[in-house]
Amino acid sequence: MGNDTVRTPPADGAAERRSEQRGWYFYDWACSVYSTSVLTVFLGPYLTSVAKSAADADGYVHPLGIPVRAGSFFAYSVSLSVIVAVLVMPLVGAAADRTGRKKPLLAAAAYTGATATAAMFFLDGDRYLLGGVLLVVANAAQSVAMMLYNSYLPQIAPPEQRDAVSSRGWAFGYAAGSLVLVANLILYTGHEGFGLSESTAVRICLASAGLWWGAFALIPLRRLRDRTTAGRQATLPGFRQLAATVRDMRRHPLTLAFLLAYLVYNDGIQTVISQASVYGSEELGLKQSTLIGAVLLVQVLAVAGALAMGRLARVYGAKRTILGSLVAWTVTLAAGYFLPAGAPVWFFVLAAGIGLVLGGSQALSRSLFSHLIPPGREAEYFSAYEMSDRGMSWLGPLLFGITYQLTGSYRDAIISLVVFFVLGFALLARVPVRRAIGEAGNPVPDRI
């Protein structure tokens, strides 16, 4: 991979661009299985059960001597993982922009995450600390890799194509998640027929996500190309670059305003993704097979939802479409508070509502932000974006975990997340995106 760096901007050939876009889609195909099978379905309930098996008589575990309710351990681990990502992403983003060599950094992050995920096969008994460490490593590596992956979007798609290209990438990811989740469902529900214990079946599902991630990451690593330009701005090492990035972003206050809005509402989205299975298993008393089926429904509908919202954006603009999705998120999450325990049908209805808005709200946010980045600062700015996407999403899990720790109710914990969508809507509605694009030095699309 080290000898294919392009020293000049490539010819704008349509076939060449489509080939690179198809390779780009496949990183979503590779890594989304981690988000689906590991973070959304299996690891939350399983790590919670492992922590409970290691808990004292009062229901607490004591990592590093700190008393933590076993039911909150997973949420706190997610929060810690994204704090680690916050510390690492600015350094990697600055290095990517300084050298123009994103691909080796993407490979390192992807295979670190894939290895940690595959190692979850060894998470058994009462090894809750091992599970926490592997979750922190895998989730932080995923955040770094996604930052680098997202930063390719302005380079592989002209402005008028970005909503569609971004939406197709999310659709690829959800399609892969659906495919692997079907295999997981067959293995988990039929584990006795395969001669496996329930725990072993779960650990195989976790580890297989890491193997899938590592195998299919080879495709984008072959097709994506590193680019440098003669006028590339020199960047500083380490946290000096982070400080410089923050100072530069202050020169683009409207970009910063969008990022703040995204930080808030996406925090809610990421927390719902990571905590929904815990809510379903612990509060609603649903079986693991029911949770897998519900997440599979989310994945299938998210493919259609991402593509449909991409088409809506061509008619109404990305900003209005995102605002509409935030209204739908608020209504869906509020309805989740009233779901009756032991009633899987209503949980499936809730899952359908989430699936229809999940992919589109994330895909359009990514493409909209790509218009707000000053040229030549893609990885640097997408490191800040990824802090909002994953790196700053420790607030939601932290609020979820604290609410449960104080009240003992997962219903109170899930309803507390509504504030992220309401506040995010208010902040995004105030951002004049057309002016923001112009002030960033980019051409303004006809419909945005």
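Let me sum up the structure you'll find in this document.

Calculation notes
Residues numbered from 1 in each chain as written. Predicted model: local features only at pLDDT ≥ 70, side-chain atom pairs only at ≥ 80, totals over all residues. Heavy atoms only, no water. Helix = DSSP H or I, 4+ residues; strand = E, 2+ residues; numbered from the N terminus. Rg over C-alpha atoms; globule rule 2.2 N^0.38 Å. Contact = heavy atoms within 4.5 Å. Areas by Shrake-Rupley, 256 points an atom, 1.4 Å probe, with all protein chains shown as cover. Lys, Arg positive; Asp, Glu negative; His and termini not counted. Charge placed at Lys NZ, Arg CZ, Asp CG, Glu CD. Buried < 20%, exposed > 50% of the residue type's maximum accessible area, 1.4 Å probe, protein only. Salt bridge = Lys/Arg side-chain N within 4 Å of Asp/Glu carboxyl O. Core = buried A, V, L, I, M, F, W, Y, C linked by side-chain atoms within 4.5 Å. Expected span 1.5 Å × (residues − 1). Bend = angle between axes of the 7 residues up to and from the residue.

**A word on the overall build of the protein**
When you go through the protein residue by residue, the secondary structure sums to 18 helices and 2 strands. Scaling as 2.2 N^0.38, a compact globule of 448 residues should have a C-alpha radius of gyration of about 22 Å, and the protein matches this with 21 Å. With respect to the principal axes defined by its C-alpha atoms, the protein has extents near 65 × 45 × 40 Å. Once local pairs closer than 6 in sequence are excluded, the contacts in the protein between residues at least 24 apart make up 84%. Carbon and sulfur atoms make up 65% of the accessible area of the protein, which totals about 16,900 Å². Taken as two groups, the 36 positive and 26 negative side-chain charges of the protein have centres that lie 8 Å from each other.

**Thoughts on unusual backbone geometry**
If you check the backbone angles, L64 has positive phi at about 55° while not being a glycine. With respect to the helices, strands and loops of the structure, L64 is situated in the loop between β1 (60–61) and β2 (68–69). L64 sits in the exposed class, given a relative accessible area of 84%.

**What about the pattern of salt bridges?**
In total, this model carries 6 salt bridges according to the counting rule given. With a shortest N-O distance of 2.8 Å, E282 and K52 are connected by a salt bridge. Placement of E282 in helix α10 (residues 253–283) and of K52 in helix α1 (residues 14–53) is noted, with a sequence separation of 230 residues between them. Between R435 and E439 there is a salt bridge; the shortest N-O distance is 3.4 Å.

**A look at the environment of S208**
Assignment of secondary structure puts S208 in helix α7 (residues 198–216). Owing to a relative accessible area of 27%, S208 belongs among the partly exposed residues under this scheme. Distance from S208 to V33, taken between C-alpha atoms, is 9.1 Å for residues 175 residues apart in sequence.

**Things to note about the nonpolar core**
Core analysis: the biggest nonpolar cluster contains 133 residues, and W24, Y27, L43, F258, W329 and F369 have the highest contact counts within it. Ranked by the residues each element gives to this core, the list is headed by α1, at 17 residues. Residues in contact with L43, not counting those within four places in the same chain, are S37, V38, T48, F74, M120, L123, L135 and L206.

**Points about the side chain of Q275**
Within the secondary structure layout, Q275 lies in helix α10. Residue classification places Q275 among the buried residues on the basis of a relative accessible area of 1%. The residues contacting Q275, other than those within four sequence positions of it, are F74, A75, P397 and F400.

**Concerning helix α13 (residues 344–370)**
An α-helix turns once every 3.6 residues. As a result, residues three or four positions apart point the same way. Over its 27 residues, α13 runs 39 Å from end to end, which matches the ideal 39 Å to within 8%, given 1.5 Å per residue. At V357, α13 shows its maximal kink, close to 25°. For α13, the tally of buried residues reaches 20 of 27 residues, placing the bulk of the element in the interior.

By themselves these figures say nothing about function.
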